[in-house]
Structure formats: structure tokens, C-alpha cells
Amino acid sequence: MTGTGPDWIPTAAARFIAAQEARLASLSLDELDRELHLLVAAQERQVDRESINLYAGTNIPNPRAGALLASSIGSRPNLGHPGAKYNKGMQHAEQLEVMLSMLLRRLFNARFVEHRVGSGSLANLYAFMATCRPGDAIMAFSDAAAGHPTHHEVGAAGLYGLKVHEVPFDAARMDVDADALREAARRIRPRLIIVAGSMCLFPYNLRAVRGIADEIGAHVLYDAAHMGGLIAGGAFQQPLAEGAHLMTGSTYKSFGGPPSGIVLTNEAELAARLDRIAFPGLTANFDLGRTSAMIVAVLDLLAHGRAYAAACIANAQELAAAMDRAGIAVFRPAARDAFTNSQHVALDAAPYGGGNRASARIESANILFTSIGLPLPSVDGDANGIRIGTQEITRWGMQPTDMAEIAALAARVLVQDEDPARVRPDVIAFRRRFQQIHFVRG
Ligand SMILES: *Cc1c(COP(=O)(O)O)cnc(C)c1O
């Protein structure tokens, strides 16, 4: 919540909001309308056209999906199951639901999907509600293993009243420490064990986690918020086949669709609970424009997902190698012989004063990074890691042969300490060469 002078938000945010409100308050309705469109256009130009967007949790959507988001269909309530709707006059829309469900199940080789979910965060809440009662214990990845806030006390898990314990993590392999997990799980008796978080460099030992969960009667949730597109493309682990009872996802990250959430399972009992959680539980209307846009994204993945997922990984591996050659501190887990087997690359942020400071500095060169927690010594007052994702640059058609140029541009800021404002024109010039979205159907 923001409003007039709230005292619970950061000082920088309070100052920004006050200054913006002072500027906007004096504008007429027409001027505000103009300002609205200027802001959207400027934002699109900056990120879609002039930045090298290496932010891991985003993507450039298919414009045909974007157009469907604008349909009036999104404002039409559509309650209940297709074929048995409460609302009248929705005979066409209910066929869209059937189509999306069928295509998502085909894409992920799953028996059941719940797509009436507002976001990946809400998908996790659905999964918690389907498997746990308030007061139950769960286990989730810690911050150093890139666990997500929704898995923790501050997020959906805590708001639902769950007690969260850490999944023991083998930092040398960036994987679950299965022996320590077995010991801890026998002691803690969690109802749910969550695998994966906001950075997944390598697949996790899900079969071992499932074996441990079976011993104590717990469910396993794989959070595929970041990995949806790669899982769909068959280039990363297949969570449901490897033992996860539930897989949740965000649909605007590697998945490449509109912002939404999904929950998948092969278990009828969980599916029935999820159905009731979605309706009449936590949604009344859901946005059919988004349902339609999702269909475009799923068709893209069914047609081009395999090539796209492989290209994301090839770019990440080459970008990591090129950054390493350029003198950037690329993180490589001690017991692995690769920097990454996914679209993600991690950097040790200590040489750059911390992940947030480095991301803020290189932002001025129009290169977009974010901070992340890594299993490395902490950095005073900042995150100790930087996280990079190649899914968007891959959709813009960049290839392994382009990665040395990106590494060199980043190294000018991070290693040579050049003024980022002087690097920015070169980033924009580089970016101008990539204007076409790839791996989407025309
Ligand atoms: C991004 C993310 C989410 C939240 O997804 P939203 O769709 O943004 O709500 C959940 N879990 C993980 C691991 C994430 O990285």
C-alpha cells in the first residue's frame, strides 16, 4: 500500500513517490492521459529496444499474445466448469478454457492443470493449501540456494501459517544434500518439501527427494517459476516424471507468455482440491484475455520449445565462458565442471561491491542484471551474487557467437571500471541489430 506519507516504506521510495505525486497532481486529465501513454512507450523502448536484458525473470512476449490481452473477453466473468457455467452467453469462451487446459497438459505431459491462477506466487499458495494445514511444517530452499520469498515466512507460506525449515543444500554441487535432508526430514516431519527457487543452474536430485518424502508421507512441490520454458522444451529435468507431486510455474519468465500462474499434477486427489481452491476458493472471474494469450504462448512452445530451450542453454554456457575470459567473476560450483546447465548464469558479486550495487551501476549502461544470494561469503550490506538469464536475449535472436560482445560490454563496466554512460551508446547500437522475436509462431 502506498498513500500519503506512509512510514513503513524505504526512504528512497517515499521521496520518489512524493516527488512524482507533486509533478502529476497538477496535470489535467488530458495531460495525465498523454503522460500515461508516454510512460508506457518510453518503458517499452528502454527495455524492449535499447537494453541487453539479462534479468532472469522476464521475457519478451509474442505480440499476438499481447494483442489478445486487450480483448474485451478479459472483462467477462466465466464462473464454473466449461460446459456448466453460471454466467450466460459464454459459449465461445468456455471452449478457450478447454483448449488451454488440453495444450498445457500436452506440453508438460501432465494429467491435470489448474490455470485459473493469477501468478506464480498464487500458484504456490494453491499448492500449500492443497497439501498443508496452517501450523504444518514445510521445507524449502534457503536464500543462499535462491529460495523464493513465497516459500518462506514473509511470503505465502508464512501468511498461510506454515512453519518453514531449510532444505539442506550441497553448495559444491548446487543441489539438495539428500543425506542431510533425510535426517532433517525424519526429525521435522514436514508435510511438504519444496524443490527449486529463483536460480537453477543444474537439475536437482528430485528422485532422492521423492524417496525421502515417501518415507515420511510428505508431498513434493517443484517450483518451476523460472524453468517452465526449458522444462516444456525438454531441455531440463521433468519434475512430474521424476517424482514431484505438484509443479507450479510463472508464465512470463522462460515460458514466454503473459503474467499468470499454473499448477500441474498427475494426482487426481490433489487436482480435485486445486479445482476447489481455484473456484469457488480464490478466484471468481479470471482473465480470459490472459487465457487466450496463454494459448498463443503454449502453441509457440509446442512448435519451437525444443529449439528455444536448447538455444537458451547454449547462450548461457557461452556467455559464462566469455565473461570468464573477459575477467568477470563467474560463479562455478566447486564440484561441477560447468558454469551452468540452464539459462541461468551466476556471478560472484564481491569484486563489484555487491549484487545490488553492481546491478545499479551496470543499469546505467542499459545492461540489466539482478542480485541473488549465493553460497559464498556475505558482502556487507548487499547481496553476494548476481543472477543472469539468457531467455530474453535468445528470443531476440542472439546466438553463442554474439556472447563475446555482450561479455566485453559488461566487462567495460565491471572490470575496466569505465563510466557506464559511455558504454550505453555501444549497448544501444549492439541491441539495434536484434529487432525480430524468434521461436514464436508468426
Ligand atoms: C518469480 C518466482 C515466483 C513468483 O512468480 P510470480 O508469477 O512473479 O508471482 C515464485 N517462485 C519462484 C521460484 C520465482 O522465481
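For every chain, the first residue of its written sequence is number 1, and the numbers climb from 1 along that sequence. Only residues with pLDDT of 70 or above have their local features reported here, since the model is predicted, and side-chain atom pairs are shown and tallied only from 80 upward, although totals for entire chains, interfaces and linings are computed over all residues. As a rule here, side-chain values come from all non-hydrogen atoms in the structure, and water together with hydrogens is ignored.

Per an unreviewed UniProt entry, the protein is named Glycine hydroxymethyltransferase, and its organism is Dongia mobilis. The Cofactor (unreviewed entry) field of the UniProt record for the protein holds the comment "pyridoxal 5'-phosphate". UniProt positions are given in the numbering used here, feature names are shortened, and annotations may be inferred rather than shown by experiment.

A few points about the packing of helix α4 (residues 93–108) against helix α11 (residues 288–325)
Fitting a line to C-alpha atoms yields each axis, with helices limited to the stretch in contact; the angle taken between N-to-C directions then spans 0 to 180 degrees. Working definition: helices are DSSP H or I runs of at least four residues, strands are E runs of at least two. Numbering for both runs from the N terminus. For the pair α4 and α11, interaxial distance at closest approach is 9 Å and the crossing angle is 35°. At the point where α4 passes α11, the crossing takes the left-handed sense. On α11, the residues touching Ala93, Leu96, Glu97, Met99, Leu100, Leu103, Leu104, Arg106 and Leu107 of α4 are Leu288, Thr291, Ser292, Met294, Ile295, Val298, Leu299, Leu301 and Leu302. Of the residues assigned to the contact of α4 with α11, the class counts are 14 nonpolar, 2 polar and 2 charged. Should the near helix be turned anticlockwise from the far one by less than a right angle, the crossing is termed left-handed; should it be turned clockwise, right-handed. Contacts are assigned to residue pairs with any non-hydrogen atoms lying within 4.5 Å of each other. Lys, Arg, Asp and Glu make up the charged group, whereas Ala, Val, Leu, Ile, Met, Phe, Trp, Tyr, Cys and Pro make up the nonpolar group; the residues left over, Gly among them, are polar.

Some details on the side chain of Asp300
Tracing the sequence through the fold places Asp300 in helix α11. One buried charged residue, Asp300, forms no salt bridge at all, with the nearest opposite charge on Arg395 at 4.9 Å. If we ignore the near neighbours within four places in the chain, the residues touching Asp300 are Asn62, Gly305, Phe439, Val440 and Arg441. We call a residue buried when its accessible area falls under 20% of the maximum for its residue type, exposed when it is over 50%, and partly exposed in between, using a 1.4 Å probe and counting protein chains only. As used throughout, the charge tally considers Lys and Arg to be positive and Asp and Glu to be negative, leaving His and the chain termini uncounted. In the sections that follow, a salt bridge refers to a side-chain nitrogen of Lys or Arg positioned within 4 Å of a carboxyl oxygen of Asp or Glu.

Comments concerning the UniProt feature "domain: Serine hydroxymethyltransferase-like" (unreviewed entry) in the protein
Here, UniProt's "domain: Serine hydroxymethyltransferase-like" (unreviewed entry) annotation points to residues 30–408. For residues 30–408, the end-to-end C-alpha separation is 45 Å, with 42% helix and 14% strand making up the annotated structure.

Thoughts on the nonpolar core
In this structure, Leu104, Phe108, Val195, Tyr222 and Phe255 are the most contacted members of the largest nonpolar core, which totals 54 residues. Of all the elements, α11 adds the most residues to this core, at 9 residues. Residue assignment places this core across two domains, with domain 1 (65–298) and domain 2 (305–432) each supplying three or more. Other than its neighbours up to four places away in sequence, Phe255 contacts Leu104, Leu107, Phe108, Gly228, Gly229, Ser250, Ile262, Met294, Ala297, Val298 and Leu301. Core analysis: the second largest hydrophobic core is formed by 39 residues, Ala322, Ile393, Met403 and Leu409 among them. We define the nonpolar core as a collection of buried residues of types Ala, Val, Leu, Ile, Met, Phe, Trp, Tyr and Cys that are connected through side-chain atoms lying within 4.5 Å of one another. Per the annotation, domain bounds derive from an automatic or database assignment of domains.

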